[in-house]
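Descriptive structure summary
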Amino acid sequence: MTLPEVLLWQELRGNRTGFKFRRQHPIGPYVADFCCLSAKLIVEIDGEAHGGETGQERDRRRDKFLNDNGYGVMRVRAVDVLGSIEAVIAAIASRAALPLHHASHGPPPRSGEE
């Protein structure tokens, strides 16, 4: 694990978000950095390997697979974890608390439809 991953894991496993996260959780052909099954939220730490066109295209394919399988994906820059972990934790907690990020949720029914 990279330093940003170690630092974030120390906070996530301490339950500071109010949600249970797993580290290095397999989903299909991918391994998520962090996964909250109850919120169907994946948190990925993006460092240098995610830059450039190749890394971005790989991330797009991965995100599409995860979204298609009902997971929301939250990408966090490694530099943000190192610079402001409190803000990162607050953002993760906020995102996990919002059920609207789930790809499996469709739009609400219109009036008269159910």
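Report on the accompanying structure. Source: prediction; values computed, not measured. (Residues numbered from 1 in each chain as written. Predicted model: local features only at pLDDT ≥ 70, side-chain atom pairs only at ≥ 80, totals over all residues. Heavy atoms only, no water.)

**Re the nonpolar core**
Our working rule: In this description, a nonpolar core means a group of buried Ala, Val, Leu, Ile, Met, Phe, Trp, Tyr and Cys residues linked to one another through side-chain atoms lying within 4.5 Å. Residue burial is assigned from relative accessible area. The probe radius is 1.4 Å, only protein chains are included, and a residue is buried under 20% of its type maximum, exposed over 50%, and partly exposed in between. A helix here means a DSSP run of H or I that spans at least four residues, while a strand means a run of E at least two residues long, and both kinds are numbered starting from the N terminus. The contact rule is simple, with two residues in contact once any of their heavy atoms fall within 4.5 Å.
In terms of nonpolar packing, the biggest core is built from 19 residues, with Leu-8, Leu-12, Phe-21, Phe-34, Leu-41, Val-43 and Ile-92 touching the most fellow members. If you list the elements that add at least two residues to this core, you get α1 (3-13), β2 (30-36), β3 (41-46), β4 (72-77), α3 (78-83) and α4 (85-97). The element contributing the most residues to this core is α4, with five residues. Apart from the residues lying within four places of it in its own chain, the contact partners of Leu-12 are Thr-17, Phe-19, Phe-21, Phe-34, Ile-89 and Ile-92.

**Considering unusual backbone geometry**
Leaving glycine out, the prevailing phi sign among residues is negative, and the prevailing peptide bond configuration is trans. Positive phi values are uncommon outside glycine, yet Asn-15 reaches one of about 65 degrees. You can see Asn-15 is positioned in the loop between α1 and β1 (22-27). One non-glycine residue, Gln-24, lies in positive phi territory at about 50 degrees. Topologically, Gln-24 is positioned in strand β1.

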